[in-house]
Amino acid sequence: MAKEKTLFYCKECGYEVSKWQGQCPGCHEWNTLVEAPSAGGVRGKRSTVSKGAVLRENPPARLNEIESQESCRHRTGMSEMDRVLGGGIVPGSLILVGGDPGIGKSTLLLQVCRLLSEQNMRVLYVSGEESARQIKMRAERIGTFSNEMYLYAETCMGTILQAVEQIQPKVLIVDSIQTVFEETVDAAPGSVSQVREITGTLLQLAKSKNITVFIVGHVTKEGNVAGPRMLEHMVDTVLYFEGDKTAMYRILRGVKNRFGSTNEIGVFEMRNRGLVEVPDPSEFMLQGRLENEAGSVVACTMEGSRPFLIEVQALVCQTSFPMPRRTAVGTDFNRVNLLMAVLEKRLGIRLGDCDAYVNVAGGMRVVEPALDLALVAALLSSHNGRSLASGTMLFGEVGLVGEVRAVSQAENRVAEAIKSGYDTCVLPESNRQSIIKSGNLDVSKVKLIGVKHVREIGEVF
């Protein structure tokens, strides 16, 4: 009996080779090739069309004759979810939702199912990890569901397709892609071959029957969806559900969206009855902040096109060890060391014998350069023991020679500060001039202080 031929697939890019190699020839990543059986004659089969055949089902069409699907979007009923999706779900789209275990992916999708079923949209929720009774217990905490909501605990793809054919849903949720298997593929559920085959089947189902399909995917320790990287390339939209399980808030971030922008996020708060939308994230992030405390400043960061006011904390103290300790939580550790070196060189402040601890309060992680000016102000405030005036907000990028550079979307940041009741904004001088010159923002309610160099920060205290 002839031995079954096997191939090696890259988990990152899907590249296939006949022999194992340490490095993938496609994406040049190391130790990403895994063994899986080949598809045999199906892979090499090439479809042919006779010369006189007529394309009946899906003939080519002129671009001007194709109708846009913007009017076909369906609102989910959750404004934060609709914001990330670009205005709502698009019929026939395939959406991948990833996140850490226990972060709330199933809870979020179950709430979406409830709201869609209330709009008389038939929804089929397929679970391969939990029984129907387990999902029912969670659903009772969320609220009351209509008769258009169906549950199905199944892992066989063939059986799932039969259920879809019988129920004819408008929305299908598969939780999760790593538990579903195809009987014709000789591989374990969650393997490269199974995930790729199941995703291809669901993609064909979504496009042929105009069904919106949500796929739940587990996330590895590196933060990527488990399975081949090509899974993200096959789907239309990729959403990541982020947040610390010990914190109250969750962030839904779109990293790919063929039907909208990828610069939007949704903020939710986890409660006993499920996820609750947070319409004003700035107020939520600054809860519990103490006024007039040294080492505490307020900064404005942008998550896509959405401004956030966050608290940046710093603690600088003399060290009792030969090697000072530096810690950064919520921001880039190397960036903090760089800014401390700028303060030592350009301002002559001695920090080499000081421990420094920097924290972005609330559990958020911010890496954009606009946080530099707030980090510098927090370090100086803690080192000098002097606090900034109440109602002051900062943003700006700091260079190696101490210059303060302009950042993007300065008007949105200042508008967010005005909306939140802040009367003073410290920002790059070039941004201040552009805001005044444009005239799009009423600056009579806020004092704009433009700075060109970090040495001017001392005048703010």
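Computed from a prediction, not measured in an experiment: that's the story for all the values here.

(A) Spotlight on the overall build of the protein. Broken down by element type, the protein carries twelve helices and 21 strands. For the protein, the residues scored as buried account for 48% of the 461 residues in total. In the protein, the proportion of contacts linking residues at least 24 apart, taken out of those at least 6 apart, comes to 67%. When the accessible surface of the protein is totalled, it reaches about 23,400 Å², and 49% of it is carbon and sulfur.

(B) Geometry of the pattern of salt bridges. Counted under the stated rule, the structure contains 20 salt bridges. Here Glu269 and Arg271 are joined by a salt bridge, their closest N and O atoms 3.2 Å apart. For the salt bridge of Glu429 with Arg432, the shortest nitrogen-to-oxygen distance reads 2.8 Å. Separated by three residues within a single helix, Glu429 and Arg432 lie in helix 12 (residues 429–438), roughly one turn from each other. By relative accessible area, Arg432 is classed as partly exposed at 22%.

(C) Main features of the sheet that holds strand 20 (residues 424–428). Pairing within the open sheet is mixed, and its seven strands lie in the order 15-16-14-13-17-20-21. Only two strands of the sheet have a single neighbouring strand rather than two, namely strand 15 (326–329) and strand 21 (447–451). Averaged over all pairs of adjacent strands, the angle between their axes in this sheet comes to 25°, without regard to strand direction. Sheet topology places strand 20 next to strand 21; five bridges connect them, and they run parallel.

(D) Local environment of the side chain of Glu311. Counting through the fold element by element, Glu311 comes out in strand 14 (residues 306–318). What makes Glu311 buried here is its relative accessible area of 7%. Here the side chain of Glu311 touches Gln313 through a polar contact of 3.0 Å, side chain to side chain.

(E) Just the pairing of strand 13 (residues 296–303), in detail. Along strand 13, eight of the eight residues are buried, which leaves the element largely enclosed by surrounding structure. Residue alternation in strand 13 divides its side chains into two sets, Ser296, Val298, Cys300 and Met302 and Val297, Ala299, Thr301 and Glu303, and both sets are buried. Examined bridge by bridge, strand 13 and strand 14 share eight bridges and lie antiparallel to one another. Bridged to Cys300 within strand 14 is Leu309. Connecting strand 13 to the next strand, strand 14, in antiparallel fashion are two residues, including Gly304 with a positive phi near 75°. When strand 13 meets strand 17 (residues 392–394), the two strands line up parallel, connected through two bridges.

(F) Highlighting empty space enclosed by the protein. The final tally for this structure, using the stated rule, is one cavity of 30 Å³ or more. The volume enclosed by the largest cavity comes to roughly 40 Å³. Every residue lining the largest cavity is listed: Arg73, Leu85, Gly88, Ile89, Val90, Ser93, Ile95, Thr237, Asn257 and Phe259.

(G) Quick peek at helix 5 (residues 157–167). For helix 5, every residue scored as buried is listed here: Met157, Ile160, Ala163, Val164 and Ile167. With its buried residues spanning 115° around the axis, helix 5 presents them on a single face. Among the exposed residues of helix 5, those pointing more than 90 degrees away from its buried face are Gln162 and Gln166. Where helix 5 terminates, the next one or two residues include Gln168, which has phi positive at roughly 60°.

(H) Molecular detail of the packing of aromatic side chains. Under the counting rule described, the total for this entry stands at one aromatic pair. A centroid spacing of 6.2 Å and a plane angle of 70° characterise the contact between Phe241 and Phe268, whose relative ring orientation is edge-to-face. Placement of Phe241 in strand 9 (residues 237–242) and of Phe268 in strand 11 (residues 265–271) is noted, with a sequence separation of 27 residues between them. Classification of Phe241 as buried rests on a relative accessible area of 3%.

(I) Quick peek at the packing of helix 5 against helix 6 (residues 192–209). Direction vectors running N to C along helix 5 and helix 6 enclose 10°, while the axes themselves pass 12 Å from each other. Classified by the angle between their axes, helix 5 and helix 6 sit roughly parallel to one another. Between helix 5 and helix 6 the crossing geometry is right-handed. Contacts between helix 5 and helix 6 involve Met157, Leu161, Val164 and Glu165 from the former and Ile198, Thr201, Leu202, Leu205 and Lys209 from the latter. Residues of the contact of helix 5 with helix 6, tallied by class, amount to six nonpolar, one polar and two charged.

(J) Representation of the sheet that holds strand 12 (residues 274–277). Strand order in this open sheet of nine strands is 6-5-7-8-4-9-10-11-12, and the pairing throughout is mixed. With one partner strand each, in any of the chains shown, strand 6 (149–153) and strand 12 form the two edges of the open sheet. Neighbour to neighbour, the strand axes of the sheet diverge by 25° on average, direction disregarded. Against the sheet, helix 3 (residues 105–118) engages strand 4 (94–99), strand 5 (123–127), strand 6, strand 7 (171–175), strand 8 (212–218), strand 9, strand 10 (249–257), strand 11 and strand 12, with an angle of about 160° to strand 5.

(K) Seen up close, unusual backbone geometry. Cis geometry is adopted by the peptide bond preceding Ser176, which originates at Asp175 and carries an omega value of 5°. Summarising the element assignment, Ser176 is placed in the loop between strand 7 and helix 6. Look at Asn120: it is not a glycine, yet its phi comes out positive at around 65°. By secondary structure assignment, the location of Asn120 is in the loop between helix 3 and strand 5.

(L) Examining the layout of surface pockets more closely. When its volume is computed, the largest pocket comes out at roughly 380 Å³. Lining the largest pocket are 16 residues, and of these Glu242, Arg253, Met364, Arg365 and Val366 lie nearest its centre. For the lining of the largest pocket, the elements supplying multiple residues, two or more each, are strand 10 and strand 13. Across the lining of the largest pocket, the residue classes tally to six nonpolar, three polar and seven charged.

What counts and what doesn't
Residues numbered from 1 in each chain as written. Predicted model: local features only at pLDDT ≥ 70, side-chain atom pairs only at ≥ 80, totals over all residues. Heavy atoms only, no water. Helix = DSSP H or I, 4+ residues; strand = E, 2+ residues; numbered from the N terminus. Buried < 20%, exposed > 50% of the residue type's maximum accessible area, 1.4 Å probe, protein only. Contact = heavy atoms within 4.5 Å. Areas by Shrake-Rupley, 256 points an atom, 1.4 Å probe, with all protein chains shown as cover. Salt bridge = Lys/Arg side-chain N within 4 Å of Asp/Glu carboxyl O. Pairing = 2+ DSSP bridges. Axes fitted to C-alpha atoms, helices over the stretch in contact; angles between N-to-C directions. Polar contact = N/O pair within 3.5 Å; in protein donor to acceptor, adjacent residues only side chain to side chain. 1 Å grid on protein atoms, 1.4 Å probe; cavity = no way out; pocket = protein on both sides within 12 Å on 5 of 7 lines; lining within 4 Å. Points joined across faces, edges and corners; volume = space filled by probe spheres on them. Arc of directions from axis to C-beta. Phe/Tyr/Trp six-rings, centres within 6.5 Å; stacked < 30°, edge-to-face > 60°. Parallel < 35°, antiparallel > 145°, perpendicular 65-115°, else oblique. Left-handed = near helix turned anticlockwise from the far one by under 90°. Nonpolar A, V, L, I, M, F, W, Y, C, P; charged D, E, K, R; others polar.

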